[in-house]
Amino acid sequence: MTWLDTLATSLEAMRTHRMRSALTVLGILIGIAAVILTVGLGIGAQQQVTAQVEALGTNLLIISPGSTTSTTGLRGGFGSASTLTQADAQALASPVVAPDIAAVAPTTSSSQSLVAGSSNWTTSVVGTTPSWLSVRARTMSGGAFLTNADQASAAPVVVLGATTATELFGSTDVVGQSVTIAGTPFTVKGVLAPSGSTGSANNDDTAVIPLSAAQQRVSTGTSRTTVQTIYVQATSQPALSSAYQEANSELLALHGITNTTNADFTITNQASLVTTAASVSKTLTVLLSGIAAISLLVGGIGVMNIMLVSVTERIREIGLRKALGARPSLIRRQFLIEASLLGLVGGLLGAAVGIIGAKVLPDFISNPVALSMPAIFGSITVALAIGLVFGVYPASRAAQLAPIDALRSE
Amino acid sequence: MTTYLNVPPTFHSSDAVLSLSDVTKVYRNGSLEVAALRGVTLDVQPGEYVAVMGPSGSGKSTLMHIIGCLDVPTAGSYHLAGEDVSRMSENELADVRNLRIGFVFQQFNLLASMTAASNVALPLAYAGISRADRRERAEASLARVGLADRVSHRPGELSGGQQQRVAVARALVTEPALILADEPTGNLDSTSTADVLDLFDELRDAGRTVVLITHEHDVAARAGRIVRLRDGLVTDDSVQGVAGSRVPS
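Residues numbered from 1 in each chain as written. Chains lettered and ligands numbered in written order. Predicted model: local features only at pLDDT ≥ 70, side-chain atom pairs only at ≥ 80, totals over all residues.

Peer 1: Can you help me understand the interface of chain A and chain B in this one?
Peer 2: For interface size, the figure often reported is the accessible area lost on association. Each partner contributes residues to the interface: chain A has 15 residues there, and chain B has 19 residues. Tallied by class, the residues present in the side of chain A that touches chain B amount to eight nonpolar, two polar and five charged. (Contact = placed C-beta atoms within 7 Å. Nonpolar A, V, L, I, M, F, W, Y, C, P; charged D, E, K, R; others polar.)

Peer 1: Which parts of the structure should I look at to understand the sheet that holds strand S9 (residues 225-230) of chain B?
Peer 2: Residues and elements named next belong to chain B. Overall, mixed pairing links the six strands, which are arranged S6-S7-S8-S3-S9-S10 in an open sheet. Two strands in the sheet have a free side with no partner beyond their single neighbour: strand S6 (101-104) and strand S10 (233-239). Mean inter-strand twist for the sheet, computed between neighbouring axes without regard to direction, equals 20 degrees. Across five bridges, the pairing between strand S3 (residues 49-53) and strand S8 (residues 210-214) is parallel. Residue pairing in the sheet places Val 50 in a bridge with Val 211 of S8. (Pairing = 2+ DSSP bridges. Helix = DSSP H or I, 4+ residues; strand = E, 2+ residues; numbered from the N terminus. Axes fitted to C-alpha atoms, helices over the stretch in contact; angles between N-to-C directions.)

Peer 1: Where do I start with the pairing of S9 of chain B in this structure?
Peer 2: Here is the key point about a regular strand: its side chains alternate between the two faces of the sheet. All names here are of chain B. Of the two faces of S9, only the one carrying Arg 225, Val 227 and Leu 229 is buried; Ile 226, Arg 228 and Arg 230 on the other face are not. Bridge count for S3 against S9 is four bridges, and the pairing is parallel. Note that in S9 the partner of Val 50 across the bridge is Arg 225. Note: S9 against S10, six bridges, orientation antiparallel. In the strand pairing of S10, Ile 226 is matched with Ser 238. The hairpin formed by S9 and S10 contains two residues between the paired strands, and Asp 231 there has a positive phi angle of roughly 50 degrees. (Buried ≥ 20, exposed ≤ 12 C-beta atoms within 10 Å, placed from the backbone.)

Peer 1: How do you make sense of the packing of helix H3 (residues 116-126) of chain B against helix H4 (residues 131-144) of chain B when you look at a structure like this?
Peer 2: Each packed pair of helices is defined by two parameters, the angle between the axes and the distance between the axes. Residues and elements named next belong to chain B. As a packed pair, H3 and H4 sit with axes 8 Å apart at the nearest point and diverge in direction by 120 degrees. By the criterion of interaxial angle, the relationship of H3 to H4 is oblique. Handedness of the H3/H4 crossing: right-handed. When H3 is examined against H4, the residues Ala 116, Ala 117, Val 120, Ala 121, Leu 124 and Ala 125 are found in contact with a partner set consisting of Arg 134, Arg 135, Arg 137, Ala 138, Glu 139, Ser 141 and Leu 142. Residues that form the contact of H3 with H4 fall into these classes: eight nonpolar, one polar and four charged. (Parallel < 35°, antiparallel > 145°, perpendicular 65-115°, else oblique. Left-handed = near helix turned anticlockwise from the far one by under 90°.)

Peer 1: Got a minute to help me understand the packing of helix H2 (residues 18-55) of chain A against helix H9 (residues 270-313) of chain A in this structure?
Peer 2: Residue and element names in this part refer to chain A. It is the contact of H2 with H9, at a shortest axis distance of 9 Å, that shows an interaxial angle of 180 degrees. Overall, the two elements H2 and H9 adopt an arrangement that is roughly antiparallel. Of the residues contributing to the contact of H2 with H9, the split by class is 22 nonpolar, 14 polar and two charged.

Peer 1: Can you help me understand the sheet that holds strand S1 (residues 18-29) of chain B in this one?
Peer 2: Paired through backbone hydrogen bonds, the strands of a sheet run either parallel or antiparallel to each other. Residue and element names in this part refer to chain B. In spatial order, the strands read S2-S1-S4-S5; together these four strands make up an open sheet with antiparallel pairing. Strands with a single pairing partner mark the edges of an open sheet, and in this sheet they are strand S2 (32-44) and strand S5 (83-84). One ladder, built from five bridges, connects S1 with strand S4 (residues 75-80); its direction is antiparallel. Of the residues in S4, the one forming a bridge with Leu 20 is Tyr 78.

This is the structure:
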């Protein structure tokens, strides 16, 4: 009897017991689909977080003001101090001081009401320098971005985000229009290309003006000389850590701080944001995959159970086959193939359901589901292996049946 | 498994097809020992048609299992077609059953999901014969039992008598040295019984060796030789004067 004959016999047996085979396959199917979907959800979440963080800009360091310490020793929270100045940013931009820093974008940000004709819209007004565009990895959809001349003259010009432009003017084709911010009329110089959201912040709802204009025409009080955040772009990904060191030591020196624990600023690495977010979603993925693996195990036990039932039910058939000259190894092979087929069919159908689920699921939940080819092929292999492993015991039972006992039973 | 299918059995014409010598079989059921066979000696020559008779509990089923290599004797020796099968491994026994013995059972024991031809071809599949050859030989065997037009029928579509004839075709298909029938007419009506017994007569006329186990006298009466069994011993072994029987002197 060839392998092909044995395969045909096993298929025949599965066909004869359609309902039972279908239910067994269902057990495996659910396990495999669950594995593919949970792994897909995990990878999808990771990719989403990575994309969001990368949307901030590439090779980015974010310098925020540190905490304030009052005379009583009471420390304010993160970002409460106004310790960063434009001078800090200028120092960091020097290629002598910090050769690994490619660009620096000091920014201030405040919520302001923008008025254009009869419509008004409250948004975050960002005051910054021309390098902001490249540091934040943004592009223009129309007009031009701020120039050094705008910055030098504190020109009343504004670059709008796509959402802001639409809210104010009903379109994004608004170059040359006038917008009033904090009582000062600004001319729209350009419109940013959409870039989506980072977490809860809509990157397209913003108005960018020269830092000098923000300090002189919009802000009040101490914020006239300070900046809220300095975005620093390293020259390359490997240069990120040396850029960090340079920025850190330069700022400590500028601020006259000797004890690093008293630093009045915080430098956040973009990569560390990715790592934190990824580790959260990784934990979730491991947890969900564990549950999926258990369901796969249950499916495997289902295969064993069905195969044992099958051996018992077909005891006469096994006896007859032995009487007609089937060697024990052949009987074992037949049942092993049958169990593996159950696993394989379950795996293939489970993969199909998983793939369909990955396409359909994002329409119902907000999370993206990524299809991972290693997960798909891995789980099909695992399904086959489960059928094989859980088929060993029933197949051995069948092979060891004495032909007379098998023939005798009714 | 294919190795010696086409090699003729290694006995000379004077050698017995099967030769049991003082065969005993003891079943152990916990601490209880039951002797089903208590020293059976039996020789069957080629071309003989032998009926084994006995009441239930006489050991005739056990004898049939041992003759059919479905079970091994506790003591004594058993030669089938010149080979000592009482010391064979499980795989060797499987090959002997496959090639040397054709079984006909009371319950027909056909696989319901397969066609008549596939059922008949099953022993050939275990012998490693190619698919095309299997088909050809199975159809020839079915034609021999008069079922050439039932090749593609499943057992459920056949009458009891036809099913048993399919089983006989299956027993014949490997050209075995011995046809072993266990109550082959036990589940058949009188017409089908006559059909199947006529078939056995034809097999005897064609020179086949047939051992038939039965408790029915009129079935046994068709055989050339009747071996009576009681309490695990042969009580009577007589050659009948039936026309056409080929009992060697």
